[in-house]
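# A closer look at the structure
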Amino acid sequence: MDSRMVFVLLWMLLLSTSTGIKLDGNGYVDVVIAISSKVPQDNRLIDKIKEMVTEGSLYLYHALDEKVYFKEATILVPPQWNGTNFTKARTESFGKAKIRIDNANPSYGFEPYTNQYGECGAEGEYIHFTPEYLLNDTLTELYGSRGKIFVHEWAHLRWGVFDECNGEKPFYHSNGGIEATRCSKNIKVEFYEVTAGGSLQQCSIDPQTSLPTKGCMFFLDRNQITNSSIMFLPSLNAVTTFCHENEHNYEAPNMQNKKCEKATWTVIFEDSVDKDALRSLKPLQSPPPPPSFKVVQRKQRVVCLILDVSGSMAGSRILQQQQAATHFLRNIIENQARVGIVQFSTEASTLSRLTTISSDTTRENLIKLLPKVAGGWTNMCLGLSQGLQILQEDNGDALGDEIIFLTDGQATDNIAVCVPSAIQSGAIIHTLAFSNSAARELTEMANKTGGQFLSPNDKTTSNQLMDAFASLTLSTGDYIKEPVQVCQGFPHNIFITLGVTSDWFNGTVSVDQTVGNKTSFVIIYETSFPSVYIQSPSGSVYTQTNMSHDVSQKTVTLKIPGTAEHGDWKYSIQAKILQALTLTVTSQATQADVPPIIVKTHMNQQFSDGTKPMIVFAEVSQSYRPVINAEVWATLESETGSIHILQLLDNGAGADAFQNDGIYSRYFTKMVNGRSSLKVRVKNQDGQTKFAALYVPGCVLNGLCQNTKRKTPPIFEEPLDVGNFTRTDTGESFMVKLSGQAPSNFPPNRITDLSAEIQEDTVLLNWTAPGEDLDQGTAKSYEIRWSFDLKMLRFNFSNGHEVNTTAVSPQKAGSVEQHSFNLNITIQNGTTLFFAVQSEDKQKAKSETSNIAQASKILPGPKPQGISNPGMNLTVLVISLCVVTVVLCFIIMKKKKTDKIKCILSQNSLLAFCFTVLE
């Protein structure tokens, strides 16, 4: 069997990992709903979650032609909750749960939302529900059925679709008239304003836009019969499905059109992760049974280090393993966790049985037991077996316990024989491949058990192994209480490769106001003990007399007593001979009510054959609050030593889905065969970084047409007054097996932010420049076309009217393009035109057609005018206001902070209206 076939088989196996949501026949299983450890115990939450999922299961069954339902779900409760009916968690963790119960996101309040930052059809990160939303039954009167909300958010999470309403633009011009933003157009609406006295009157028209003013509301015909759409108005009793292609409203200025430009149903069945299954599944013959639930808990971390001491680890590798494991035991693993240590080579032996971390003395005693000598074969199965025996000592099994398995080579024994039993043990297995020859089965074990797979290099000038160990954490959702999460960004982590030098090396390390507790500086040197001076922001100087020196590990450590001063710490390090030096600084949150700024990074896929580009993501936040304007760099290093550095952007263009949402992204196209590592560094200097309060242009229709959670630029930015800061994060490693000799030639990325405006007979177009290869480099040319017919432009771009672009030269990717054109026609008042762009590179590869921008020529009227609603009796509407269903669309304005647009449908009416509430 050739290597390519082996890779394909391994890839197929890993894609069926047991730790992610999947379809088992017609039923979704492995649905993990995790409650944050910040949430106080209230067992009613468990009952409410079960009710929501059970109700949602039946709703989902009807929504997708009776094909799917929720079959099994697991509820993970926090470690501090008390109860006798909680079983032991296996691979479930808060950090990897797709549905989270946590305190409110400042941008959304109690509202449910889905964290989406991928492309159309891509799975979201997680759904966020708040305890208040689940426990307060009066909120169902505001948002509607929790089961229906769950299905609405599930569509965001699982299938990568977007909302079909838009509270920011509830109305738009169409064919000379005014339409409400909705899908489908079959939903009948009327427009009215509600006076201060509660009566209805005709809407006023804004003379500048010729659209209804902000006080205008749309009213639904309560007698209409329509079954779509869940992403617009699921709270109507008749709505049971998603918008199909034959009824999709392509003109509506909503996020579904901007991101996907196709019907929600089409995305689900053609682009989503479930597309193949949904097309092949047969409808169930009868309604599905209720979901089954498990309630699980992990009381404490139990970890076994299984360390390779075979002959190939001799020299610098065994030293680096010792240094990294020391960092883990001294600074990362939490108090009250239990730790064991096993070494393996020709034989396997126990260096420490499970020991509870109760003090610094316990930590140092474990560090003394770390292996220092290497020699012999690499019998991995012996090491795994010994480690599992250690984990079984406390309660007879390894369920939910963790293994950190490090090796640098191929197994001498047949590791394929013992991998299945290791996976079946129920332990979470993190694997570290400390060379490019490390066994490929390491990837399978990590992915199959919910662990992380990391492939740090073994260069003496790198501290990738330190980063890897520091990233091996298990989040409970309370970042303040998780000082172990150094490389994940929960505490502060700075990694600086000082390089090879024999002279003084000077620099600064910023300790910002969200961290400062248990701060330590660790300098690792290659050969000779350097001179080290560290100065606090107030001028206090620390020298070698204040530091601990471990000669055997070649490390110098300074622990700052108490809380470190906030500000810039200066260091001066002199290597008296030419040698490599690295510096790592860690710190923890100082205040219980001030969460640390964190960064999380990952690739959009862990395995690639090079036919599709990969995307690097880094999310920078503080307790769900986006941090914007940061400088974010990603370093991707292959096992062969190829290094690529990318600046990640939060500009809403190219790979980045939404501007200013704190999620920084970039395409990665320079793929090479083998495993590659990922590391991200975030920097804020000179006060450029800000908190963003997201402006959410959507609506909540009985809770289910949620604010278009993802996302447009915030209308409020709060200065980030925490001082300069730096964060790093190590993402999981990824694997590439190119289908050809080199990665594909990728065309320019699709433009997704095209906007248009008509001024007299001139058209103004704006967009963000794509690149030669996706979002990198400079494209060769643009092709711009327009039409009176949106669908024609969408499906037959080349048939549109061409705009003369001979004077337009594309700018570098990420630049703002602003151009004006004369279409050589007289544009009549009231005319709506549609525009789209394609880009071309030097190899004549063309991008996908951009989003379609529309613009209308509206000449200002002499005064505001009203619009009539023929066929509707105003008096009857006013009288029947208490018995019809009311849809409220309003704006919540938090004083000087954030504006949020909502549409809310109450339980007993069919009336839609908008107003502003000041909080």
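What this report covers is the structure whose coordinates are included nearby. Every chain begins its residue count from 1, and numbering advances along the sequence as written. In keeping with the predicted nature of the model, local features appear solely for residues at pLDDT of at least 70, side-chain atom pairs appear and are counted solely at 80 or more, and the whole-chain, interface and lining totals rest on all residues. The side-chain figures draw on all heavy atoms in the structure; neither hydrogens nor water molecules are used.

Under the scheme used here, helices are H or I runs from DSSP no shorter than 4 residues and strands are E runs no shorter than 2 residues, and both carry numbers assigned from the N terminus. Scanning the protein from N- to C-terminus turns up 16 helices and 51 strands. Considering the protein as a whole, with its 919 residues, one finds that 59% of them fall into the buried category. Look at the contacts in the protein between residues 6 or more apart in sequence, and 74% of them connect residues 24 or more apart. Of the roughly 34,800 Å² that the protein leaves accessible, carbon and sulfur atoms contribute 50%. Accessible area is worked out with a 1.4 Å probe on protein chains only. A residue is then buried under 20% of its type maximum, exposed over 50%, and partly exposed in between. The contact rule is simple, with two residues in contact once any of their heavy atoms fall within 4.5 Å. In these tables, accessible area is a Shrake-Rupley quantity obtained with a 1.4 Å probe, and a residue counts as shielded only by the protein chains included in the view.

As a further point, take the state of the cysteines. Criterion for a disulfide: a pair of cysteine sulfur atoms within 2.5 Å. Inspection of every chain in the model, using the stated rule, returns 4 disulfides. Two residues, cysteine 183 and cysteine 243, share a disulfide whose sulfurs are 2.4 Å apart. Judged by the sign of its S-S torsion, about -60°, the bond between cysteine 183 and cysteine 243 is left-handed. Placement of the pair is cysteine 183 in the loop between strand E11 (177-180) and strand E12 (189-194) and cysteine 243 in the loop between strand E14 (216-220) and helix H6 (255-259), with a sequence separation of 60 residues. Looking at cysteine 243, the relative accessible area reads 0%, which means it is buried. Here cysteine 381 pairs with cysteine 418 through a disulfide, and the sulfurs are 2.1 Å apart.

Next up on the list: the sheet that holds strand E1 (residues 22-24). A pair of strands counts as paired when DSSP detects no fewer than two bridges linking them. Strand order in the open sheet made by the 3 strands is E1-E2-E4, with mixed pairing throughout. This sheet does not close on itself; its edge strands, each paired only once, are E1 and strand E4 (69-70). Across 2 bridges, strand E2 (residues 27-29) lies against E4 in parallel orientation. Across the sheet, residue glycine 27 finds its bridge partner in E4, namely tyrosine 69. With axes taken as lines fitted to C-alpha atoms, and helix axes fitted only over the stretch in contact, angles between N-to-C directions fall between 0 and 180 degrees. Where helix H5 (residues 146-159) meets the sheet, it contacts E1, E2 and E4, and its direction lies at approximately 70° from that of E2.

Salt bridges are counted wherever a side-chain nitrogen of Lys or Arg sits within 4 Å of a carboxyl oxygen of Asp or Glu. Overall, the coordinates contain 35 salt bridges when judged by the stated rule. Of the charged contacts, one joins arginine 146 and aspartate 137 as a salt bridge, the two residues approaching to 3.0 Å between their closest N and O atoms. In this structure, arginine 794 engages glutamate 261 in a salt bridge whose closest nitrogen and oxygen atoms are separated by 3.9 Å. Taken together, the residues span a long stretch of sequence, with arginine 794 in helix H15 (residues 790-795) and glutamate 261 in the loop between H6 and helix H7 (264-270) at a distance of 533 residues. For arginine 794, a relative accessible area of 22% translates into the label partly exposed. Taken together, the shared-partner salt bridges in this structure form one network comprising Glu783, Arg785, Glu802 and Lys846.

Time to look at the packing of helix H11 (residues 380-391) against helix H12 (residues 415-424). For the pair H11 and H12, interaxial distance at closest approach is 9 Å and the crossing angle is 20°. It follows from the interaxial angle that H11 and H12 lie roughly parallel. H12 is crossed by H11, and the crossing has left-handed handedness. Between H11 and H12, the contacting residues are Met380, Cys381, Leu384 and Leu388 on the first element and Ile415, Cys418 and Ala422 on the second. Roughly parallel refers to an angle under 35 degrees, roughly antiparallel to one over 145, roughly perpendicular to one between 65 and 115, and oblique to any angle outside these ranges. In this scheme the crossing of two helices becomes right-handed for a clockwise turn of the near helix relative to the far one and left-handed for an anticlockwise turn of less than a right angle.

Bringing the pairing of strand E15 (residues 292-297) into the picture now. Across 6 bridges, the pairing between strand E5 (residues 72-77) and E15 is parallel. Among the inter-strand pairings, alanine 73 is bridged to a residue of E15, identified as phenylalanine 293. Sheet analysis places strand E6 (residues 87-88) next to E15, joined by 2 bridges and oriented parallel. Residue pairing in the sheet places lysine 88 in a bridge with glutamine 297 of E15.

Time to look at empty space enclosed by the protein. Sizing a probe to match a water molecule and rolling it over the atoms shows the empty space that remains. Think of a 1 Å grid over just the protein atoms. A cavity is a set of points where a 1.4 Å probe fits yet cannot get out, a pocket is an open set with protein on both sides within 12 Å along at least five of seven lines, and lining residues have an atom within 4 Å of a point. Grid points are joined across faces, edges and corners, and a volume is the space filled by probe spheres set on the points. Within this structure, the stated rule accounts for 5 cavities of 30 Å³ or more. Put simply, the largest cavity is a space of about 100 Å³. Looking at the lining of the largest cavity, the elements with two or more residues in it are helix H9 (316-332), strand E24 (517-525) and strand E28 (555-559). In terms of residue count, H9 provides more of the lining of the largest cavity than any other element does, 5 residues in total. Under the grouping applied here, Gly and all other residues not named as nonpolar or charged are polar, the nonpolar ones being Ala, Val, Leu, Ile, Met, Phe, Trp, Tyr, Cys and Pro and the charged ones Asp, Glu, Lys and Arg. Each residue belonging to the lining of the largest cavity can be placed in one class, and the counts come to 2 nonpolar, 8 polar and 3 charged. By volume, the second largest cavity amounts to about 70 Å³. If you trace the second largest cavity, you find 13 residues lining it, with Leu649, Asn651, Ala653, Asp775 and Gly814 closest to the centre.

A few words now on the packing of aromatic side chains. Pairing of aromatic rings covers Phe, Tyr and Trp, the last through its six-membered ring, and needs centres within 6.5 Å; plane angles under 30 degrees mean stacked, over 60 mean edge-to-face, and all others mean tilted. What the rule picks out here adds up to 24 aromatic pairs. Aromatic pair tyrosine 28 and phenylalanine 70: ring centres 6.2 Å apart, planes at 45°, arrangement tilted. Placement of the pair is tyrosine 28 in strand E2 and phenylalanine 70 in strand E4, with a sequence separation of 42 residues. Given a relative accessible area of 0%, tyrosine 28 falls into the buried group. With relative accessibility at 2%, the residue phenylalanine 70 sits in the buried group. Each ring, one from phenylalanine 521 and one from tryptophan 569, has its centre 5.8 Å from the other, and the planes form 45°; the classification is tilted.

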